[in-house]
Amino acid sequence: MKNTSGLKHQIYSEPEKKQLESVSQLLKEGETGLDVLMDWMVSVDKESSNLALGKAYQALYANKAPQVENFLQHNFPDGIVPLKSDRGIDYSPLQKLLAQSDFQSADVMTLQKLCELAGTAAVERNWVYFTEIESFPVADLRTLDKLWLMYSEGKFGFSIQRKIWLSVGKDFAKLWSKINWKSGNTWTRYPKEFTWDTSAPEGHLPLSNQLRGVRTIDAIFAHPAWKKD
Ligand code: UYC
């Protein structure tokens, strides 16, 4: 009891990193912990990108208890990420896969959504040509990124990959080794050798195939979506 009330105080006031820990701890406290967690979740501003909210939602999504399912259905019927799109694209199936921590299927669907953003020619060829990327709407790339961030405790997403790429002086070879896409001279083989969970290094997902060179990922990193407003 004392434990839970201490955690209750923490999750409302601690910085995000501690809030993430508080979520894990509350999840171990049984029903009282869940009640505290659910009260806190409805108090969070959905536009705030609070990573602990993503983690809490993901944990509750896996919890099949009727009162938890009712809570989510009632308070978060559309998940926790506002799914903005300027191209009328539906990102809810992607949100569902990420909420289920099905990162491999989510990765495939992300590539598919990039093709949809690029238009019918890309959907038919099933890969994106680098010149198609600059006209992607900012809103859509940010939605994709936020989905990956929120359901990975901030570990995955294009913006994370870009941040690492900038930190290594835009040296792709260094990026590949930091995000485990290459080890020495050996490319990580798709799909088996990639790590499909949050034990992967920061920036490991989502994948972009390098078979046709770096221009696609380079165009993603150059997109205005990542510039601060
Ligand atoms: N693959 O090696 N990849 C594929 C990656 C390379 C190759 C898909 C990532 C190197 C072939 C995805 C890396 C390479 C196919 C990724 C990686 C290579 C394929 C499925 C580390 C050989 C089948 C979606 C950088 C040396 C292609 C897609 C086909 C598929 C991802 C080979 C997501 C991140 C240079 C032969 N690889 N890929 O794009 O057309 O097809 O059937 O990057």
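Note that residues are indexed from 1 along each chain, following the sequence as it is written. In keeping with the model being predicted, local features are shown solely for residues with a pLDDT of at least 70 and side-chain atom pairs are shown and tallied solely at 80 or more, while totals for entire chains, interfaces and linings include all residues. Hydrogens and water molecules were not included; the side-chain quantities draw on all heavy atoms of the structure.

*Asks:* Any chance you could break down the packing of aromatic side chains for me, citing the residues and the numbers?
*Replies:* In summary, the pairing rule links any two rings of Phe, Tyr or Trp, Trp by its six-membered ring, whose centres are within 6.5 Å, and it sorts them by plane angle into stacked for under 30 degrees, edge-to-face for over 60 and tilted for everything else. One pass over the full model with this rule turns up 19 aromatic pairs. When the ring of Tyr 57 is compared with that of Tyr 151, the centres are 6.1 Å apart and the planes differ by 50°; the resulting orientation is tilted. Here Tyr 151 lies in the loop between helix H9 (138-150) and helix H10 (158-167) and Tyr 57 lies in helix H4 (residues 51-61), a separation of 94 residues in the sequence. Taken individually, Tyr 57 and Tyr 151 each receive the classification buried, so the pair is uniform in this respect. Centroid distance Trp 165 to Phe 172: 5.7 Å. Interplanar angle 35°. Geometry classified as tilted. To sort residues, take the accessible area from a 1.4 Å probe on protein chains only and compare it with the maximum for the residue type: under 20% means buried, over 50% means exposed, and anything in between is partly exposed. Residue class for Phe 172 comes out buried when judged on its relative accessible area of 13%. An aromatic cluster is built from Trp 165, Phe 172, Trp 176, Trp 181, Trp 187 and Phe 221, whose rings are joined through pairwise contacts. Criterion for a charge above a ring: Arg CZ or Lys NZ at most 6 Å from the ring centre, at most 35 degrees from the ring normal. The residue whose ring lies beneath Arg 212 is Trp 127, and the NZ or CZ to ring-centre distance is 3.9 Å. By definition, any uninterrupted DSSP run of H or I lasting at least four residues is a helix, any uninterrupted run of E lasting at least two residues is a strand, and each is numbered from the N terminus.

*Asks:* Could you give me a rundown of the pattern of salt bridges, with the residues and numbers involved?
*Replies:* Whenever a carboxyl oxygen of Asp or Glu lies within 4 Å of a side-chain nitrogen of Lys or Arg, that contact is scored as a salt bridge. Inspection of the entire model under this criterion finds seven salt bridges. A salt bridge links Glu 47 to Lys 84, with the nearest nitrogen and oxygen atoms 3.3 Å apart. A residue pair is termed long-range when its members are at least 10 positions apart, and Glu 47 in the loop between helix H3 (30-43) and H4 and Lys 84 in the loop between helix H5 (66-75) and helix H6 (92-99) qualify at 37 residues. Take Glu 47: its relative accessible area is 47%, and that puts it in the partly exposed class. Judged by its relative accessible area of 46%, Lys 84 is partly exposed. The salt bridge involving Glu 116 is made with Lys 113; its shortest N-O contact spans 3.4 Å. Highlighted residues: Glu 116 and Lys 113, both in helix H7 (residues 103-118), separated by three residues, approximately one helical turn.

*Asks:* Mind laying out the environment of Leu 205, listing which residues take part and the relevant values?
*Replies:* By the element assignment, Leu 205 lies in the loop between strand S2 (186-187) and helix H12 (215-222). Under the relative-accessibility criterion, Leu 205 is labelled buried at 0%. In sequence terms Leu 205 and Ser 43 are 162 residues apart; their C-alpha atoms lie 30 Å from each other. Residue contacts are defined here by distance: any two heavy atoms, one from each residue, within 4.5 Å place the two residues in contact. Every residue in contact with Leu 205, bar those within four places of it in the chain, is listed here: Phe 103, Asp 107, Trp 148, Phe 156, Gly 157, Gln 161, Thr 195 and Trp 196.

*Asks:* Mind laying out H7, listing which residues take part and the relevant values?
*Replies:* To estimate the expected span of a helix, count its residues, drop one, and scale the result by 1.5 Å. Taking 1.5 Å as the rise per residue, H7 with 16 residues should run 22 Å; its terminal C-alpha atoms sit 22 Å apart, in good agreement. Looking at H7, one finds that the buried residues are Phe 103, Ala 106, Asp 107, Met 109, Thr 110, Lys 113, Leu 114, Cys 115 and Leu 117. Where the residues of H7 are buried, they touch H4, H6, helix H8 (120-125), H9, H10 and H12. Among the residues trailing H7, Gly 119 stands out with phi positive, at a value near 115°.

Nothing here speaks to function; it is geometry throughout.
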